[in-house]
Amino acid sequence: MQQVDVAIVGGGPAGSSAGRAAARAGADAVVIEKGVPREDREDLGPDSTDAAGILDYWVDIMDLDEPIPEWVKLRELSGADFLGPNESVALNDTGIESSYPNFGFTVQRARLDDWLRERAENAGAEYRVGTGVRSVETDLTGSPTHTLTLKDGTEIRATHLVLADGPQRTITGQVLSEYLAEGVFEERMASPKVNHIAYQEYREFPEELFEPDRIKFWWGAMPGHTAYPWVFPNDGTVARVGLTMPIGLDLDTVENREDYVLLRPEDERVPSGKVYIERLIDWLYPEYDADDFPLVGDRGKRGGTETYPISSTRPIESPTAANIAVVGGAMGATSAFHEGGDHVAIRTGKIAGRLAGLDAMRAYNTEWREAIGDEVRRNVAFADMVVGYGPSDWDRVFGIISSVMDDGGFTPRDAVKTGISGAKLFGSYKKTKYRYRGPRVCQIREEEYTV
Ligand SMILES: Cc1cc2nc3c(=O)[nH]c(=O)nc-3n(C[C@H](O)[C@H](O)[C@H](O)COP(=O)(O)OP(=O)(O)OC[C@H]3O[C@@H](n4cnc5c(N)ncnc54)[C@H](O)[C@@H]3O)c2cc1C
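Just so it is clear, the structure is predicted and the values come from calculations on it, not from any experiment.

### Thoughts on the site of the ligand
Every one of the 40 residues lining the ligand counts as a neighbour, but E33, D50, R109, Y308 and G329 are closest to it. At 2.9 Å, a side-chain N or O of D50 approaches a nitrogen atom of the ligand. Between the ligand and G341 there is a distance of 3.0 Å, counted from an oxygen atom to a backbone nitrogen or oxygen. Within the complex, the protein chains bury 97% of what would otherwise be the 1000 Å² of accessible surface of the ligand.

### Focus on the pairing of strand β8 (residues 88-91)
By the alternation rule, side chains of β8 split into V89 and L91, which are all buried, and S88 and A90, of which none is buried. Summarising the sheet, strand β7 (residues 79-83) and β8 pair through four bridges and their orientation is antiparallel. Its bridge partner lying in β8, A80 is registered against L91. Counted along the chain from β7 to the antiparallel partner β8, the turn is four residues long.

### So, the pattern of salt bridges
One pass over the structure, following the stated rule, counts 34 salt bridges. R369 is paired through a salt bridge with E317; the nearest N and O atoms lie 2.5 Å apart. With R369 in helix α9 (residues 364-385) and E317 in the loop between β18 (305-311) and β19 (324-326), this residue pair connects regions lying 52 residues apart in the sequence. Measuring nitrogen to oxygen at the nearest pair gives 3.9 Å for the salt bridge that ties D374 to R377. Remark: R377 and D374 occur in helix α9; sequence separation between them is three residues, near one turn of the helix. We classify R377 as buried; its relative accessible area is 18%.

### Notes on the domain arrangement of the chain
Size of an interface, as often reported, equals the accessible area lost when the parts are brought together. You can read the domains of the chain as domain 1 (2-78 + 96-192 + 312-380 + 442-448), domain 2 (196-309) and domain 3 (386-438). Each of domain 1 and domain 3 was reduced to a C-alpha centroid, and the two centroids are 33 Å apart. In terms of surface lost to domain 3, no three residues of domain 1 exceed F337, R377 and R378, which account for 67% of the buried area on that side. Our count for the contact surface shared by domain 1 and domain 3 stands at zero salt bridges. In this assembly, domain 1 and domain 3 are joined by one residue pair in polar contact (both at pLDDT 80 or more).

### Some thoughts on the sheet that holds strand β16 (residues 228-233)
Here seven strands make up an open sheet; going across it, the order is β8-β7-β15-β16-β17-β14-β18 and the pairing mixed. For this open sheet the edge positions go to β8 and β18, each flanked by a neighbour on one side alone. If you compare each strand with its neighbour and ignore which way they point, the axes differ by 20° on average. Relative to strand β15 (residues 214-218), β7 runs parallel, the two sharing five bridges. Among the inter-strand pairings, F82 is bridged to a residue of β15, identified as F217. The strands touched by helix α10 (residues 391-403) within the sheet are β7 and β8, with β8 carrying the most contacts at an inclination of about 40°.

### A look at α10
Taking 1.5 Å per residue as the helical rise, α10 with its 13 residues ought to reach 18 Å, and the 18 Å between its terminal C-alpha atoms agrees with that figure. Of all the positions in α10, only P391, W394, D395, V397, F398 and I400 are classed as buried.

### Digging into the packing of helix α8 (residues 342-357) against α9
Interaxial distance between α8 and α9 falls to 10 Å at its minimum, and their mutual angle equals 160°. Considered as vectors, α8 and α9 are oriented roughly antiparallel to each other. Taken as a pair, α8 and α9 cross one another with a handedness that is right-handed. Taken together, the residues of α9 that come into contact with α8 (itself represented by H343, V344, R347, T348, I351, A352, R354 and L355) are Y364, E367, W368, A371, I372 and E375. Residues belonging to the contact of α8 with α9 are distributed by class as follows: eight nonpolar, two polar and four charged.

### Description of the nonpolar core
Formed by 105 residues in total, the largest nonpolar core has its most connected members in L148, L163, V175, L176, F217 and Y364. What L148 contacts, discounting residues up to four positions off in sequence, is A7, V9, I32, V133, S135, V136, T154, E155, I156 and L161. The next biggest cluster of nonpolar side chains, apart from the first, holds 26 residues, and it includes M222, M245, L251 and L262.

### A closer look at unusual backbone geometry
Positive phi is not limited to glycine here, since A52 has a value of about 65°. On the secondary structure map, A52 appears in the loop between β4 (41-45) and β5 (53-55).

### Side note on a negative patch on the surface
On the surface, E207, E208, D282, D289, D291 and D292 cluster together into a patch of negative charge. Mapped onto the elements of the fold, D282 is located in helix α7 (residues 273-284).

### Let's talk about helix α1 (residues 13-24)
Over its twelve residues, α1 extends 16 Å from the first C-alpha to the last, a length consistent with the 16 Å expected when each residue adds 1.5 Å. Among the twelve residues that make up α1, eleven are buried, leaving the element largely enclosed by the rest of the structure. Taken together, the buried residues of α1 touch β1 (2-9), β2 (29-33), α3 (109-123), β10 (126-129), β13 (155-163) and α8. Positive backbone phi, approximately 100°, marks G26, located one or two places after α1.

### Quick look at the side chain of T94
For T94, the location among the structural elements is in the loop between β8 and β9 (104-107). According to the relative accessible area criterion, T94 is buried, its value standing at 15%. At a separation of 2.8 Å, a polar atom in the side chain of T94 contacts the side chain of D56. Leaving out residues up to four positions away in the same chain, T94 has contacts with L55, D56, Y57 and F103.

### So, the packing of aromatic side chains
A complete count under the given rule lists 19 aromatic pairs for this structure. Judged by centre distance (6.2 Å) and plane angle (65°), the ring pair of W230 and F232 falls under edge-to-face. There is no split in this pair, since W230 and F232 are both buried. Look at Y288 and F293: their rings are 6.1 Å apart centre to centre, the planes differ by 70°, and that puts the pair in the edge-to-face class. Just as Y288 is buried, F293 falls in that class too. Grouped by ring-pair contacts, the aromatic residues F82, F217, W219, Y228, W230, F232, F337, F382, Y389, W394, F398 and Y429 constitute a single cluster. Looking at K73, its charged tip hangs above the ring of F105, at a distance of 4.8 Å from the centre.

Quick notes on the rules
- Residues numbered from 1 in each chain as written.
- Predicted model: local features only at pLDDT ≥ 70, side-chain atom pairs only at ≥ 80, totals over all residues.
- Heavy atoms only, no water.
- Near = heavy atom within 4 Å.
- Polar contact = N/O pair within 3.5 Å; in protein donor to acceptor, adjacent residues only side chain to side chain.
- Areas by Shrake-Rupley, 256 points an atom, 1.4 Å probe, with all protein chains shown as cover.
- Buried < 20%, exposed > 50% of the residue type's maximum accessible area, 1.4 Å probe, protein only.
- Helix = DSSP H or I, 4+ residues; strand = E, 2+ residues; numbered from the N terminus.
- Pairing = 2+ DSSP bridges.
- Salt bridge = Lys/Arg side-chain N within 4 Å of Asp/Glu carboxyl O.
- Domains from an automatic or database assignment.
- Buried area = accessible area lost by both parts, 1.4 Å probe.
- Axes fitted to C-alpha atoms, helices over the stretch in contact; angles between N-to-C directions.
- Contact = heavy atoms within 4.5 Å.
- Expected span 1.5 Å × (residues − 1).
- Parallel < 35°, antiparallel > 145°, perpendicular 65-115°, else oblique.
- Left-handed = near helix turned anticlockwise from the far one by under 90°.
- Nonpolar A, V, L, I, M, F, W, Y, C, P; charged D, E, K, R; others polar.
- Core = buried A, V, L, I, M, F, W, Y, C linked by side-chain atoms within 4.5 Å.
- Patch = residues over 30% accessible without salt bridge, like charges linked within 9 Å, V, L, I, M, F, W, Y side chains within 5 Å.
- Lys, Arg positive; Asp, Glu negative; His and termini not counted.
- Charge placed at Lys NZ, Arg CZ, Asp CG, Glu CD.
- Phe/Tyr/Trp six-rings, centres within 6.5 Å; stacked < 30°, edge-to-face > 60°.
- Lys NZ or Arg CZ within 6 Å of the ring centre and 35° of its normal.

Here is the structure:
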C-alpha cells in the first residue's frame, strides 16, 4: 500500500495548491483527482467549470509567489456592471487595496488548473488523475491514520488528509459526518440543500456587441436568492454566458413572478439554464437572433456548455485534531454573492498543505480565518442582506449605490447623503458583518467535532 504524509482528495485549485505547499514543506504528497472530460483539455483533468473572473485584490489573497502567466489569462478587465431592471451600478474600482494594476482579468480555467497542477508536480507532489476516491477510513488510535480507497480498489495511507473535493462534498460529507452529531452535515452543508446550480455556455458574440473588458451581472432578472445571469468576456469575441440559481426552487413560492423579466406566464417550473440563456439573449439584444450567438462547441465540458454546483453557504471549520483540513469549495469558502472562489480555494489549499507538511494542522482554522476571514465575512454579509430581494429592491439599492459611487466606496457620509434608505442599507451591512466576526462566520465550529 502506498504510504504518504499528505493525501489530498480533489485536484482543483484548492487541491493542487495544497499538494504544492505540502511538497514544499518537505512532505510526500499525493493529489487524487477523479478526472473530468472537457472539450478544451486533451487528457483528463479536474472539473474546471468557471466563469473565471478574477478581481485585482484576489490575486493578493491567492498568495501565489509568482504572477499568473499570460497564457492562462484571457482578458484584462476595466470594471464590472451590476444591472437591475431599471437601475445599475458600474464599478470601475473594487475599492480594496491591491498590487494588481487593473480591475481584474478573466482566465481560461482549464489552463489555470493545469498550471496549478504543474506547480504542484514541480514542487514534488504526485498528481494522480483518472480514478476518484471512494471512501476514507480514519484510525484515531495513536496519531491519526487515514486510509483512502480509490474506485479501482487501490489503497493509500496518509497521516494527514486534505479534503478538496469541491462543492459536491461527496468525500468531505462522508468523512466529517463521522465526527458530527447525526444530521448536522446534511442540514448545513449537503450540496443539494445549500448549493446553487450553475449553467454556462460559450457563445460567439457579434463583434459590435462584444464588450472585451467588462463583466456583467443582471440582478432581479430571475427568481431565487443570489440567482443571476452573467456575461464574462473570453478571447476573440467569445463570452461565457452563464447563470446560477438555487437547486430545486419551487416557482409557486415566488412572489410577484410577473416582475422577473426572464420568467414567462406559462412557466410551470423554473426554466432550465439553457432556456434562461436564450431568454437573456433575446431580452438584451431583441434585434438579433439566437443564431447570431453560436455556441462554441470546442469549449466547456460538452458542446460549449457546462454545469456544476456552486457553494453558496457559509464556511466551516475543520476537525484538525484528526489531522483533517477541508479547503476551497468543499469548506464553503466560495461567495454566493459573486461566485468568487478561486482565490479562497488557492489560499486555503496553500495554508492546509503547508501545515499538513509541517505536521502542524492544529493551526489551520486560525490561519485560514486570518488570511481570508475579511473576504468571507464581506461576502456572507452581502448574501444575507439580500435575502428576499425582488426586482424592485435591486433597483432601489442600485439607485442608492450609484448616487454615491464617485468616491469608490460606501461610507457613513454616503449614508447621510442618501437619506434613510441609504443609512438603513449601510447599517444593515455593518450589523450583519459584525454578527459574523471571528469564528462566528463558520457554520460548523471545531468544537462541534468529536474527535
Ligand atoms: C459556473 C461557475 C462560475 C464561477 N465563476 C467564478 C469566477 O468568476 N471567479 C471565481 O473566482 N470563482 C468562480 N467560481 C467558483 C470557483 O470555480 C470555485 O470556487 C473553485 O473551483 C473551487 O475550487 P476547489 O478546488 O475548491 O474545487 P473544484 O474546482 O470544484 O475542484 C474539486 C475537484 O475535486 C474533484 N473530485 C470530486 N470528488 C472527488 C473524489 N471523490 N475523488 C477525487 N476527486 C474528486 C473534482 O473532479 C474537481 O476537479 C465559479 C464556479 C462555477 C461553477
